[in-house]
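# Structural features, examined
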Amino acid sequence: MATLGIPQNTIAVLQKYNFNFQKKFGQNFLIDTTVLDRIIEASQITKDDCVLEIGPGIGTMTQYLAERAREVIAVEIDKALIPILQDTLAEYDNVTVINDDILKVDINKIVQERNDGRPIKVVANLPYYITTPIIMGLFESHVPLKSITIMVQKEVADRMQVGPGTKDYGALSLAVQFYAKPQIVANVPPNCFIPRPNVGSAVIRLTRYEEPPVIVKNEQFMFALIRASFNQRRKTLVNGLGNASGLSVTKDQVVAALEEMGLSATIRGEVLTLEQFARLSNLLFDIRRGTMLN
Ligand code: SAM
């Protein structure tokens, strides 16, 4: 099978199967061999690796992955693509295609069965409409992972990579940076896809930390606190967190914790680093537990 990264070959396959693009599945297929090479290079795949590909489409990147990895598991939601994948991947005996919604698949089970529970690598040109739930699902369910190398909307890649004091900084930046080291490896214009998306794209590699970069007493509490801090971005932390539903902390307790950290009571969440959020959450977690026990 000739490489599908060349536009004429992709068009020939689409015509052969009379394929109709489904907008609801975020279908934009890659037709640029330079970008494909760049993704593969960034993902650092070797013959030892078991790779999970999310949304293989017609199998363009899957072919590249199959050449380099020991094994590829590709999860595709659109059943119209399954016969096409059987055709385009016919010459590879190390690829398994699963016709399912990635958000419903038990990835931990796949890692146990296919890789003896050892960390896998995830590579994907993601459907943009569910980028955040896919990434957070992978991290929060503690799937054993070495890295995630993904094509996402450019603006989302920026949000994952930035630090405090920028307009893109928010809950996604902090969540990603708690679990992984982000690095944008390529910017990809709309003309590298068929059909062309309305937005610019970027490839970002998230290299999973073996140990989190900060010590947190209760991860769930820290993330609830981070979400509450950015829910009302323009509010001070004292106003945003005090009495936020689900946190059970008072304004006075927030003031006390900020004072302990040497921070002003008028500070906003958007200027706090991950380390500061971790410290604030540890302090508030203890203060709150103290009042609950009294
Ligand atoms: N990997 C292909 C490529 O690079 O040309 C296709 C990428 S396209 C942006 C996204 C793919 O994800 C489509 O094939 C789409 O059908 C699939 N997809 C969308 N939602 C999905 C889901 N919830 N689970 C699994 N696959 C999904």
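Being a predicted model, the structure only gives us computed values, none of them experimental.

On to the site of the ligand, then. Taken together, the neighbourhood of the ligand is formed by 23 residues, with Leu30, Gly55, Glu76, Asp101 and Asn125 sitting nearest. One of the side-chain nitrogen or oxygen atoms of Gln27 is found 2.9 Å away from an oxygen atom of the ligand. Here an oxygen atom of the ligand sits 2.6 Å away from a polar atom, N or O, in the side chain of Glu76. Partitioning the shell around the ligand into residue classes produces 12 nonpolar, six polar and five charged.

Now for the nonpolar core. Residues Leu206 and Leu280 are the most contacted members of the largest nonpolar core, which totals 69 residues. If near-sequence neighbours (up to four positions away) are discounted, Leu280 is found in contact with Leu225, Leu237, Leu241, Ala257, Leu258, Met261 and Leu272. The next biggest cluster of nonpolar side chains, apart from the first, holds 36 residues, and it includes Phe29, Val35, Val72 and Val203.

Another aspect to go through is the environment of Ile77. Mapped onto the elements, Ile77 comes out in the loop between β3 (71–76) and α4 (82–88). When the C-alpha positions of Ile77 and Lys235 are compared, they lie 40 Å apart, and in sequence the two are 158 residues distant. Excluding anything up to four places from it in sequence, Ile77 contacts Phe25, Asn99, Asp100 and Asp101.

What follows is about the domain arrangement of the protein. Often, the extent of an interface is quoted as the loss of accessible area upon association of its parts. Structurally, the protein comprises domain 1 (7–208) and domain 2 (219–293). Using C-alpha coordinates to define each centre, domain 1 is positioned 35 Å away from domain 2. Listed by partner, the interface residues are 13 residues for domain 1 and 14 residues for domain 2. Here domain 1 packs against domain 2, burying approximately 990 Å² in sum over the two surfaces, 69% of which is carbon and sulfur. Of all residues in domain 1, Tyr169, Leu174 and Phe178 give up the largest surface area on contact with domain 2, accounting jointly for 50% of the area buried on that side. Connecting domain 1 to domain 2 are three residue pairs in polar contact (both at pLDDT 80 or more). Along the lines of polarity and charge, the residues of the side of domain 1 that touches domain 2 split into seven nonpolar, five polar and one charged.

Analysis parameters
- Residues numbered from 1 in each chain as written.
- Predicted model: local features only at pLDDT ≥ 70, side-chain atom pairs only at ≥ 80, totals over all residues.
- Heavy atoms only, no water.
- Near = heavy atom within 4 Å.
- Polar contact = N/O pair within 3.5 Å; in protein donor to acceptor, adjacent residues only side chain to side chain.
- Nonpolar A, V, L, I, M, F, W, Y, C, P; charged D, E, K, R; others polar.
- Core = buried A, V, L, I, M, F, W, Y, C linked by side-chain atoms within 4.5 Å.
- Buried < 20%, exposed > 50% of the residue type's maximum accessible area, 1.4 Å probe, protein only.
- Contact = heavy atoms within 4.5 Å.
- Helix = DSSP H or I, 4+ residues; strand = E, 2+ residues; numbered from the N terminus.
- Domains from an automatic or database assignment.
- Buried area = accessible area lost by both parts, 1.4 Å probe.

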